[in-house]
Amino acid sequence: MAGLLLSETEKVFILHGVQDDYRSDGRSNIDYRPMELETDVVSHASGSARLRLANTDILVGVKTEIDVPKPDKPDSGRIEFFVDCSANATPEFEGRGGEQLASSISNLMQRAYHSSQAFNLKQLCIFEGKQCWKLYIDILILECGGNLCDAVSLAVKAALFNTRIPFVKAALMDGGNVDLQLSDDPYDSKLLDVGSAPLLVTLCKIGENCVVDPSAEEESCSVISLIVGVTGNRQYYTQEEETDKKTMEGKCTTIAMHGPGSVAPKTLKEAINQGIIAAKSLDEALGQALLRERQENIGFKKHSYGFLK
Amino acid sequence: MPLDYRRFNGPEDSVSYKRFTKDYLKSYSELYNNLIDEKGRRKDGRALEEARSMCMFFARTDMVSQAKGSAYIELKKTKAVCSVFDPREIPHQNEFSQLGQLFCEVKFAPFSCPNQRRTHAPDADEKALSVALRQALEPTVCRHLFPNYQIDVFVYILENDGSCLAAAINAAGLALANAAVPMYDIITACSVAVIGEKMFVDPTEAEEHLAMMTPEKEGTNHGIITMSMLSELKQVSDFTQIGSMDTDCVTKAIEILEKECENIVPNIQKVLVLNVVQCIEQRKQLEEEAKEREQALNAKMEEWKQLLNSG
């Protein structure tokens, strides 16, 4: 976003647009820009996804490993996030430049996935107290065009949806140690229940209102943004028509503020509500796209695009 | 995990013996019942919505003599020291920054937490707290007054019994004021732990621990919220939430925290006013002493003059 210069009048123009819920690129305040999503792009990972939102390009790979569960949570698996800001994205990330941003994003994701209502770690348990799956989620930022948190959370959810965990065929107890035999067949594997995994929505405060997915111009008009993590709805991620239409309300799993400004309590409450509404529509769209993708995958009809675009 | 090789470290897969004690193996409901007694009071005798700001609060400034400003805050068993140092030029920076910067660091003492020993290397927890502290303090400091300079704010948590971020922010706000850094408003912070329907204002460590655990019943709210406010300006400078809760719960918590943040302001004001009064008294005393010395000197002068004239 280097070299972006806006005059006062241009800023006022953007501000007025936000006030009237009609932004300079024609979107409303809770609309996202078009995105491209492709899953299963990395062959060596258990699950992967690539997401492009405007100029932001994210690649997520999920690696699984067998680990010992934490002593205080013997029946749950573990999940860890790593963010890598490569200097390809912007020259500012060169050397240790992107470290702070990377750690803040991974921290935010860790916090968003903390609650079991967001992501149930019990499904990663193999042998209570002895062995569990550990998911390493590596997030690679290939190009940085703003709105990183939202893009990362979307890509992570897509990659987790795509993740396959092999079945355990046999377990041998050898003294106190457990010996596991895993299935070699790549299709003999289970999928994760990621329906309720949270999505992060960044709300940028411009004037009195908040907008989601700000463009670079809009970002420069704002001094404070609010990041809200909202749980997803399982209904959007299964083909079966669930008999009990228990529409799960989105719940906040993490809220954070970013930027040098501050907000009034009233604006904060409104922004959280707005974030939940935006997250709901985003979640629905993501669920549809992922289900379609899986359908194509099963029928071997999927055309792989990769990075050749 | 980086290890400190100058100390004896346990085997890599060792766990604290506390994990095998009776206290540790309690179930969720047992832990929950331990928090509140039959009368609806918490373990330390507080009501649910009662913070420690009223009778379990202690604050003072000028803790660290080498620092420009410093503060010490005690919320019963949560104890934090903060020191603020003179502005200095931002190191390793090529570009001129129009606004001054804040460098914040939160550190736990190795013995501060009840269950595990903290390592010397900053862990993810401490880094997150540092970022949150900086986020909270930035809006309150008049940063345009010291371009291209940074102010260092160091918080050391001596003992952690819950709400350590709130304590850190309160201490840092007081220390900044003590260091005479220009600020827009007094900054205060408070946290709340949500467990189901109940909201524990200004939670202790045990309450925080339970709020972070997964409730047995599916879909119940749980989590922790910390909010810092500039009370006079009615602005929220930082808001962090973790856990899982619906909007009604968050909205309710915001209202409670808003009130609570205001309740802390008089405490901070008292310390600051006391400081000013002390300063004035000290100055008066010094001036008086100086006057006395001058009088004595003048008397001596007269004496010598007379001696010279007579001789």
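Parameters at a glance
- Throughout, a residue's number is its position along its own chain's written sequence, starting from 1.
- Chain labels run from A onward and ligand labels from 1 onward, assigned in the order the entries are written.
- Reporting of local features is limited, given that this is a predicted model, to residues whose pLDDT is at least 70; pairs of side-chain atoms are given and counted only at 80 or more, and all residues count toward the totals for whole chains, interfaces and linings.
- Calculation of side-chain values draws on the structure's entire complement of heavy atoms; hydrogens and water are dropped beforehand.
- In DSSP terms, a helix is any run of H or I states spanning at least four residues, a strand is any run of E spanning at least two, and both are numbered starting from the N terminus.
- The buried label goes to any residue with under 20% of its type's maximum accessible area, the exposed label to any with over 50%, and the partly exposed label to all in between, with areas taken from a 1.4 Å probe on protein chains only.
- Note on definitions: a residue-residue contact is assigned when non-hydrogen atoms from the two residues lie within 4.5 Å.
- Note on areas: Shrake-Rupley with a 1.4 Å probe; residue coverage comes only from the protein chains shown.
- His residues and chain termini do not enter the charge count, which takes Lys and Arg as positive and Asp and Glu as negative.
- To locate a charge, take atom NZ for lysine, CZ for arginine, CG for aspartate or CD for glutamate.
- Buried area, as used here, totals the accessible surface that two parts lose on assembly, with accessibility defined by a 1.4 Å probe and the loss added over both.
- The salt bridge criterion pairs a side-chain nitrogen of Lys or Arg with a carboxyl oxygen of Asp or Glu, the two atoms within 4 Å.
- Identification of polar contacts relies on pairs of N or O atoms within 3.5 Å, with a donor-acceptor requirement for protein atoms, meaning one able to donate a hydrogen and the other able to accept it, and with residues adjacent in sequence counted only if both atoms are side-chain atoms.
- When residues are grouped by polarity, Ala, Val, Leu, Ile, Met, Phe, Trp, Tyr, Cys and Pro land in nonpolar, Asp, Glu, Lys and Arg in charged, and all others, Gly among them, in polar.
- Paired strands are those between which DSSP finds at least two bridges.
- Ring pairs shown here join Phe, Tyr and Trp side chains whose ring centres sit within 6.5 Å, with only the six-membered ring taken for Trp; geometry is labelled stacked below 30 degrees between planes, edge-to-face above 60, and tilted in between.
- Here, a charge over a ring means that NZ of Lys or CZ of Arg falls within 6 Å of the ring centre while also lying within 35 degrees of the ring normal.
- UniProt positions are given in the numbering used here, feature names are shortened, and annotations may be inferred rather than shown by experiment.
- Throughout, nonpolar core names a set of buried Ala, Val, Leu, Ile, Met, Phe, Trp, Tyr and Cys residues whose side chains join them through atoms within 4.5 Å.
- Here an angle of 0 to 180 degrees is reported between the N-to-C directions of two axes, which are lines fitted to C-alpha atoms, with helices fitted over the stretch in contact.
- Less than a right angle of anticlockwise turn of the near helix away from the far helix marks a crossing as left-handed, whereas a clockwise turn marks it as right-handed.

Would you explain the overall build of chain B in this entry?
Each helix and strand in chain B was counted, giving five helices and ten strands. The proportion of buried residues among the 311 residues of chain B is 46%. Once local pairs closer than 6 in sequence are excluded, the contacts in chain B between residues at least 24 apart make up 69%. Surface summary for chain B: the accessible area is close to 17,500 Å², and the carbon and sulfur share equals 54%. In chain B, 36 side chains carry a positive charge and 47 a negative one; their mean positions are 4 Å apart.

Could you clarify how one ought to interpret the interface of chain A and chain B in this entry?
A common way to state how big an interface is: give the accessible area lost once the parts meet. Contact residues are listed per partner, giving 30 residues for chain A and 37 residues for chain B. A combined buried area of about 2,900 Å² lies between chain A and chain B, and 54% of that area is made up of carbon and sulfur atoms. The interface formed by chain A and chain B contains one salt bridge. Taking the shortest distance from any N to any O, the salt bridge between E255(B) and K269(A) comes out at 3.3 Å. Scanning the region where chain A abuts chain B turns up 16 residue pairs in polar contact (both at pLDDT 80 or more). Going through the elements one at a time, α2 (99–112), β14 (252–258) and α5 (265–298) of chain A are the ones with two or more residues in the side of chain A that touches chain B. Of the residues forming the side of chain A that touches chain B, the biggest block, seven residues, is contributed by β14(A). Residues that form the side of chain A that touches chain B fall into these classes: 13 nonpolar, 13 polar and four charged. One ladder, built from three bridges, connects β14(A) with strand β10 (residues 235–245) of chain B; its direction is antiparallel. Residue I255(A) lies in a different strand from β10(B), and its bridge partner there is Q241(B).

What is the right way to read the packing of aromatic side chains from this model?
A full pass over the atoms with the stated rule returns seven aromatic pairs over all chains. Taking 5.1 Å as the distance between ring centres and 50 degrees as the angle between the ring planes, the aromatic pair formed by F81(A) and Y113(A) counts as tilted. Taken together, the residues F81(A) in strand β4 (residues 78–85) and Y113(A) in the loop between α2 and β5 (125–127) connect sequence positions 32 residues apart. Across the pair, exposure class does not vary: F81(A) and Y113(A) are buried alike. Aromatic side chains F85(B) and F154(B) sit 5.9 Å apart centroid to centroid with 65 degrees between the ring planes, which places their arrangement in the edge-to-face category. Of this pair, F85(B) sits in the loop between β3 (78–84) and β4 (88–89) while F154(B) sits in strand β6 (residues 149–159), placing them 69 residues apart in sequence. According to the relative accessible area criterion, F85(B) is partly exposed, its value standing at 28%. Taken together, the ring pairs in this structure connect F81(A), Y113(A) and F119(A) into an aromatic cluster. The lysine or arginine in question, R294(A), covers the ring of F161(A), its NZ or CZ lying 3.9 Å from the ring centre.

What should I look at first to understand the pattern of salt bridges in this one?
Close approach of charged atoms allows side chains of opposite charge to pair. Per the stated rule, a full pass over the model turns up 28 salt bridges over all chains. E262(B) is paired through a salt bridge with K234(B); the nearest N and O atoms lie 3.1 Å apart. Pair noted here: E262(B) is in helix α5 (residues 247–310) and K234(B) is in the loop between β9 (222–230) and β10, with a separation of 28 residues, a long-range link. By sharing partners, the salt bridges in this structure join R23(A), D25(A), R27(A), R33(A), D213(A) and E218(A) into a single network.

Please clarify how the UniProt feature "coiled-coil region" (unreviewed entry) in chain B should be interpreted in this entry.
With numbering matched to this structure, UniProt assigns "coiled-coil region" (unreviewed entry) to residues 276–307 of chain B. A distance of 46 Å separates the end C-alpha atoms of residues 276–307 of chain B, which is 100% helix and 0% strand.

Looking at this structure, how should I read the UniProt feature "domain: Exoribonuclease phosphorolytic" (unreviewed entry) in chain A?
Those residues carrying the UniProt feature "domain: Exoribonuclease phosphorolytic" (unreviewed entry) are residues 32–166 and 198–275 of chain A in this numbering. The span residues 32–166 of chain A carries 21% helix and 38% strand; its end-to-end C-alpha distance comes to 36 Å.

Would you explain the side chain of Q235(B) in this entry?
One can find Q235(B) in strand β10. Of note is the side chain of Q235(B), whose polar atom sits 2.8 Å from the side chain of S262(A). Contacts of Q235(B), omitting those with residues within four sequence positions, involve S262(A), V263(A), A264(A), S228(B), M229(B) and L230(B).

Please clarify how the nonpolar core should be interpreted in this entry.
For soluble globular proteins, nonpolar side chains are generally found buried alongside one another. Counting 135 residues, the largest nonpolar core has Y113(A), F119(A), V156(A), L160(A), V153(B) and F239(B) as the members making the most contacts within it. Dropping the residues within four chain positions of it, F239(B) is found in contact with I255(A), A256(A), M257(A), L268(A), I225(B), T226(B), M227(B), V250(B) and I254(B). Ranked by size, the runner-up nonpolar core spans eleven residues in total, among them I195(B), L210(B), I224(B) and I242(B).

Would you mind going over the packing of helix α1 (residues 28–35) of chain B against helix α4 (residues 205–212) of chain B with me for this structure?
Working note: a packed helix pair is described by the angle between its axes plus the distance between those axes. Residue and element names in this part refer to chain B. Where α1 meets α4, the axes come as close as 10 Å, and the angle between the chain directions of the two elements is 145 degrees. Along this stretch, α1 crosses α4, giving a crossing that reads as left-handed. Between α1 and α4, the contacting residues are Y28, L31, Y32 and L35 on the first element and A206, E207 and L210 on the second. Of the residues contributing to the contact of α1 with α4, the split by class is six nonpolar, no polar and one charged.

Please clarify how the environment of D202(B) should be interpreted in this entry.
Residues and elements named next belong to chain B. Mapping D202 onto the fold places it in the loop between β8 (198–201) and α4. We classify D202 as buried; its relative accessible area is 4%. Taking the C-alpha atoms as reference points, D202 and C190, separated by twelve residues in sequence, lie 6.3 Å from one another. Sequence-distant contacts of D202, that is, excluding residues within four places in its chain, are made with R42, R46, A51, R52, S53, L75, S163, C190, S191, V192 and E207.

Teacher, can you tell me more about unusual backbone geometry here?
Trans peptide bonds make up most of the peptide bonds, and negative phi angles are found at most residues other than glycine. Positioned with a positive phi, D213(A) is a non-glycine residue whose angle comes to about 50 degrees. Of note, D213(A) is situated in the loop between β12 (209–212) and α4 (216–219). Of the residues examined, D213(A) reaches a relative accessible area of 0% and is grouped as buried. A positive phi angle, close to 60 degrees, is found at A180(B), a residue other than glycine.

Just checking my understanding: could you explain the UniProt feature "domain: Exoribonuclease phosphorolytic" (unreviewed entry) in chain B for this structure?
Annotation from UniProt places "domain: Exoribonuclease phosphorolytic" (unreviewed entry) at residues 58–182 of chain B. Annotated as residues 58–182 of chain B, this span is 23% helix and 31% strand, and its ends, taken at the C-alpha atoms, are 24 Å apart.

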